[in-house]
Amino acid sequence: MIPLKYNIRSLWVRKTSNLLAVFGVALVVFVLATALMLSAGIKKTLGATGHDDVAIVIRKGSEAELASSIEDPTVGLVTSQPGVAQVNGRAAGVGETVLVVALEKNGAAGFTNIQVRGVAPEATLLSRPFTIIKGRSAKPGSDEVVIGKRLEGRFRGLELGKSFDMRRNRPATVVGVFSAQGTSYESEVWADAETLRSAFGRPGLVSSIRVRLNSASAFEGFRAAVEQDKRMGLEAITERKYYDRLSEGTSLFITVLGSVIAVFCSLGAMIGAMITMYGAVSNRVREIGTLRALGFPRVQVLASFVIESLILSAAGGVLGCLGAVAIGSVEISMMNFASWSEVVFRLDPTPQALGIALVSAGFMGLLGGLLPALRAARVTALAAMRG
Amino acid sequence: MNTLVLSARNLSRNRFRTGLTVLGVVVAMLAFLALRTVIYSWTVAAEVAPKDRLVTRNKVTFIMPLPKHYVERVKQTPGVKATTFANWFGGRDPNNEREMFSTLAVDTNTIFEVYTEMKVPEEQLATWKQDRTGAIVGDVIAKKMGWKLGDKVTLISGIYFAPPDSPWTFTIRGIYAATARSVDRSTFMFHWNYLNDRVPEIARDQAGWLISRVTDPSQTANISQAIDRMFDDRDIQTASQDERSFNASFLASFSAVLKAIDIVSIVILCIMMLVLGNTIAMGVRERTNEYGVLRALGFSRNYLATLVVGESVSAGIVGGVAGVALAYPLIENGIGRWLEENMGMYFPFFRIAPGTALLALAFAVTLSAVAALIPAWRVTQLDVIDALRRVE
């Protein structure tokens, strides 16, 4: 076996050229890792919002709460179904109105849709994560609202003490900022349920009904009961599945876009690595010949050069991943296709995302190094003397 | 001139390496053009929308409609030529749920007066107006779904529920073609009256948004203000703007994605620069001896630097031109056509803008020159004696 030290020292001799190749690989890995982290971030934010033992009932075919509408009397029917948890003799279920308002995004031209949720007092029965971190809670029945912490300062009017219009002469004043354990609620505005309905002219209608179930296993029975009457046109899904569905489109879009771009880039980086390695081989013909003369077989020369290329790409891979992790705390605000509203989320450096990026670096090194290594393997001992 | 030819000739010294380098430039050009075209086609709807059209929506939120009687008021605003309205139906084909296309309930009498860039044959238009359940669809979606005139189509709506025993059923009565590239050729349009008759009392007589054409495009801003002022004292206020800024304002939601694509397209060019720089640096190092000879013969430092930069720029030009030449068939006939047919909602016109192609070429030339700067600088620093002594 040709010692690894030989490869590392050889790489060091041609620092500049090798560094260029390493940077090429690092850039590709950076792009790929960032895209995968972005997609994981959306999944994490929306995934954290959903629970298995909470069911959400919407109008069949609506996909998201925003498009769905259900008449008030139905709420009572749904929450009295079997499997719904009871708290102090009351069913743990609530009808909620979800709307979007068009607000200006700070630092970008144009408006964007911010989700507003009309929260009734009974919503506390759902035991959602909710902590006021600034200001105070909104007074029930008032025009006061609290905003998720990720919205704060990103959009016009969404700051403590500021307000935005719900309709003419009816501003909603922000009195508090809340955190909700990294869930997508942190990208929502919470208003009083009745205030929201009257301000937007939606009396007697809710968007969705949420119920807390006795256990996750009670869901199937609950669903069968809710969906039994086809004319009602309702659909019951677990909250977890609902949020998975919401994140699906956007996260797939980012993954596909990121991967396509990464494939293109990696072709470029691979060519870069190949040029470097071919250069290394042709410069070291005499060395290779000597190795052969010393009795190292072709296979080992081949392996040695492939390993050298792998070291090169691994360095690039690590550098790229480090770069991606370094920007990991950046918050991204973008529209979620499925809910037509803005979600703010953080890049999530999952082991999987970084792993895939590193493996792709390995592939670049392998593919970029194979042809040059084959050329090296063909060098004969004679070449060393001739050189 | 001679100098350029001479420096370009250096490229043929190691044809294999030059080939790889040019290939790298070609790949980078393709990727750059593809990404730039994504941004361009995403924003094209905003850029090429006619200037004489304005959109009026609910001021607070686009999901809440406007009272239908607003239409008459807007129509009578001085300077407005025609007004129409539409409601978002959110329809999907239950047999093909993944297929995305816009479905709109429209006013049959006025829609094509306002959307003049959609062309429907006269007789189809007449039959459509007669049939309350009739629909007019874009040529692209019709072809894709296999819809022909007279076909019955059932859709489910994410917004307007229909019980299973009386679903939303339509008859295809017309197929429109587009005369402007910003038009989505996959929209499904049907009678607003059909929708209005079937929705619950509370949702009746509501118009999703209003679209008007004005006589004098330069007056669009003033007319928008006049319309909004008209409803200023109403509970439901309006926000009007010309279609161009209306479309552009939607882009704010995607600003993060657009910015990311923007950055990545630059990253790709950086990779290209690294590949080019690497090749040139290698060539220069191998030829250290020759540069020593040239210096000894009396050629100036600057001349040597020019030779190096010229070599890099030649490779950049060859790769750039080849990349752009390849990109046209690949993007316009391959990816572009597929995107137009499958994602027409977002990419109605996926073509390379002439400006983008020129930009790509300009970058290829400039960046290849930049890539050669370090090797060129090194050559100028060579000490003649050292260079001659060096043996590779």
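A brief structural summary. (Residues numbered from 1 in each chain as written. Chains lettered and ligands numbered in written order. Predicted model: local features only at pLDDT ≥ 70, side-chain atom pairs only at ≥ 80, totals over all residues. Heavy atoms only, no water.)

1. Quick notes on the overall build of chain A
Consideration 1: Helix and strand content of chain A: ten helices and 16 strands.
Consideration 2: Here chain A has a C-alpha radius of gyration of 29 Å; the compact-globule value for 387 residues is 21 Å, and the former is much larger.
Consideration 3: Oriented by its inertia axes, the alpha-carbon framework of chain A measures out at about 95 × 45 × 30 Å.
Consideration 4: Within chain A, the fraction of its 387 residues that count as buried is 56%. (Helix = DSSP H or I, 4+ residues; strand = E, 2+ residues; numbered from the N terminus. Rg over C-alpha atoms; globule rule 2.2 N^0.38 Å. Buried < 20%, exposed > 50% of the residue type's maximum accessible area, 1.4 Å probe, protein only.)

2. Considering the nonpolar core
Consideration 1: Within the largest apolar cluster, 92 residues are counted, with the highest numbers of intra-cluster contacts made by Y242(A), W42(B) and I268(B).
Consideration 2: Broken down by element, this core gets its largest block of residues, 14 residues, from helix α2 (residues 15-48) of chain B.
Consideration 3: In contact with Y242(A), not counting residues within four places along its chain, are I56(A), I58(A), E63(A), A64(A), E65(A) and I237(A).
Consideration 4: Residues I141(B), W168(B), A207(B) and I227(B) belong to the second largest nonpolar core, which totals 35 residues. (Core = buried A, V, L, I, M, F, W, Y, C linked by side-chain atoms within 4.5 Å. Contact = heavy atoms within 4.5 Å.)

3. So, the interface of chain A and chain B
Consideration 1: Listed by partner, the interface residues are 63 residues for chain A and 58 residues for chain B.
Consideration 2: Carbon and sulfur atoms make up 69% of the area that chain A and chain B hide from each other, which totals about 5200 Å².
Consideration 3: Interface area lost by chain A to chain B is led by F111(A), R168(A) and I275(A), which between them contribute 14%.
Consideration 4: Put simply, D235(B) and R167(A) hold a salt bridge, and the shortest N to O gap is 3.2 Å.
Consideration 5: Connecting chain A to chain B are nine residue pairs in polar contact (both at pLDDT 80 or more).
Consideration 6: For the side of chain A that touches chain B, the secondary structure elements donating two or more residues are α2 (15-49), β5 (93-104), β6 (111-119), β9 (163-167), α6 (239-283) and β15 (331-336) of chain A.
Consideration 7: When residues of the side of chain A that touches chain B are assigned to their parent elements, the largest contribution, 17 residues, is made by α6(A).
Consideration 8: Residues of the side of chain A that touches chain B, tallied by class, amount to 34 nonpolar, 15 polar and 14 charged. (Buried area = accessible area lost by both parts, 1.4 Å probe. Salt bridge = Lys/Arg side-chain N within 4 Å of Asp/Glu carboxyl O. Polar contact = N/O pair within 3.5 Å; in protein donor to acceptor, adjacent residues only side chain to side chain. Nonpolar A, V, L, I, M, F, W, Y, C, P; charged D, E, K, R; others polar.)

4. Notes on the pattern of salt bridges
Two side chains with opposite charge may pair up if their charged atoms get near one another.
Residues and elements named next belong to chain A.
Consideration 1: Considering all chains together, one arrives at 41 salt bridges over all chains under this definition.
Consideration 2: Between E96 and R128 there is a salt bridge; the shortest N-O distance is 2.4 Å. One end of the pair, E96, is in strand β5; the other, R128, is in the loop between β6 and β7 (131-135), with 32 residues separating them in the sequence. When sorted by exposure, E96 lands in the same class as R128, which is buried.
Consideration 3: Among the charged side chains, a salt-bridge network with shared partners connects E65, E96, R117, R128, E188, R210 and E239.

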